[in-house]
Amino acid sequence: MEMSEAVAVASGEFTIGGDLTVRRLGYGTMQLPGEGVWGEPRDPDEAVRVLRRAVELGVNFIDTADAYGPFVADLLLKKALHPYPEGLVIATKAGFARTGPGGWVPIGRPEYLRQQVELSLRHLGLERIDLLQLHRIDPKVPLADQVGELATLQQEGKIRHLGLSQVSVAQLEEATKTAPIVSVQNLYNLSQRDDEPVLEYAEQNGLGFIPWFPLATGGLAKAGGPLDAIAREHDASPSQLALAWLLKRSPVMLPIPGTSSVAHVEDNVNAAKINLTDDEFARLTEAVD
Ligand SMILES: NC(=O)c1ccc[n+]([C@@H]2O[C@H](COP(=O)([O-])OP(=O)(O)OC[C@H]3O[C@@H](n4cnc5c(N)ncnc54)[C@H](OP(=O)(O)O)[C@@H]3O)[C@@H](O)[C@H]2O)c1
């Protein structure tokens, strides 16, 4: 692989919200903070190298969240990449409080969401967030109040587009009554496909579908996993096959594999070059069914 090759280009493009075009194979920052997505990275220098390498390889869609660290991932993004290269889209989230390593509590009170958006702008060094996703719907707060506050921030020019995370079709429809929703980020990968109806809704309504845990938190990437034998036949890594399967599954699919290592980011972005045939796609689907 050429060191300067922008391989992510080969994954094709998707336009979020009608005006935000990104390469479909992106990167997610959740593996960068410490254990339990809490605190400083185990290897801060490698974390910076991972982010720079992803962009060097042509990735221009990076998913992050205030809650990753908290704030650790956003500050790393700023350190590694600010001033951001033209065309780089940082999608972030708000709506989770962190109570300690592994502790996640949804908070959708409007004043909290506003605070977190303001903090994200500061930590990321941005004047406007391209895509702000409500990380979780807080069941204790009316959805219209949560989306409504984000829509107000959008009207104030602090957010360009709104997305939702881990929602049902009914919740997407309900949220859309308050503000336009351009993307949905749900758990989805070759081995976890419960949210097909949400993916179909995204396809029918032109939303980007951002599958979180695209590698099943590494379960699909590991040696000896369900994709290992097929991967060896194809001279590819298991991770690459899992990502190539997602890219073929739908033109609205925007996978954001997470890793804390440069070697793995290189491996993952090279999935963009793999074009599965219909037979290969079916075989992978059956292999993990
Ligand atoms: N909206 C939500 O609620 C939500 C929830 C979870 C995640 N997310 C987003 O989705 C992104 C992806 O999820 P994720 O990072 O948790 O899980 P993932 O992408 O499914 O898998 C990450 C795991 O796979 C390993 N891995 C990555 N590439 C590999 C490779 N080429 N070979 C072998 N192992 C590899 C990583 O370890 P190494 O670090 O050692 O590479 C890590 O343990 C996150 O970064 C985050 O942006 C969103």
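Residues numbered from 1 in each chain as written. Predicted model: local features only at pLDDT ≥ 70, side-chain atom pairs only at ≥ 80, totals over all residues.

(A) Structural detail: the overall build of the protein. A tally of regular secondary structure across the protein gives ten helices and eleven strands. Taken against the 2.2 N^0.38 rule, which gives 19 Å for 289 residues, the C-alpha radius of gyration of the protein at 18 Å falls within 12% of a compact globule. Seen through its principal axes, the protein has C-alpha atoms that stretch 55 × 40 × 35 Å. Among the 289 residues that make up the protein, the fraction classed as buried is 47%. Across the protein, every contact between residues at least 6 apart in sequence was considered, and the portion connecting residues at least 24 apart equals 72%. (Helix = DSSP H or I, 4+ residues; strand = E, 2+ residues; numbered from the N terminus. Rg over C-alpha atoms; globule rule 2.2 N^0.38 Å. Buried ≥ 20, exposed ≤ 12 C-beta atoms within 10 Å, placed from the backbone. Contact = placed C-beta atoms within 7 Å.)

(B) The arrangement of the UniProt feature "domain: NADP-dependent oxidoreductase" (unreviewed entry) in the protein in detail. The feature "domain: NADP-dependent oxidoreductase" (unreviewed entry), as given by UniProt, occupies residues 24–288 in the numbering adopted here. The span residues 24–288 is 40% helical and 16% strand by assignment, and the distance between its end C-alpha atoms comes to 23 Å. (UniProt positions renumbered as here; feature names shortened; annotations may be inferred.)

(C) Up close: the nonpolar core. Core analysis: the biggest nonpolar cluster contains 83 residues, and Val59, Phe209, Ala242 and Val269 have the highest contact counts within it. Sort the elements by how many residues they give to this core and helix α8 (residues 238–249) lands first, with seven residues. Residues in contact with Phe209, not counting those within four places in the same chain, are Val184, Leu199, Ala202, Ser250, Val252, Met253 and Leu254. (Core = buried A, V, L, I, M, F, W, Y, C linked by C-beta atoms within 7 Å.)

(D) Up close: the pairing of strand β8 (residues 129–134). For β8, the buried fraction is high: five of the six residues fall into the buried class. Taken together, the four bridges between strand β5 (residues 89–94) and β8 define a ladder with parallel strand orientation. In the strand pairing of β8, Lys93 is matched with Gln133. Strand direction decides the pairing type here: β8 and strand β9 (residues 159–165), joined by five bridges, are parallel. When the sheet's bridge partners are listed, Leu134 is paired in β9 with Leu164. The β-α-β motif built from β8, the intervening helix α4 (residues 143–155) and the parallel element β9 has right-handed crossover chirality. (Pairing = 2+ DSSP bridges. Right-handed = clockwise from strand over helix to strand, strands pointing away.)

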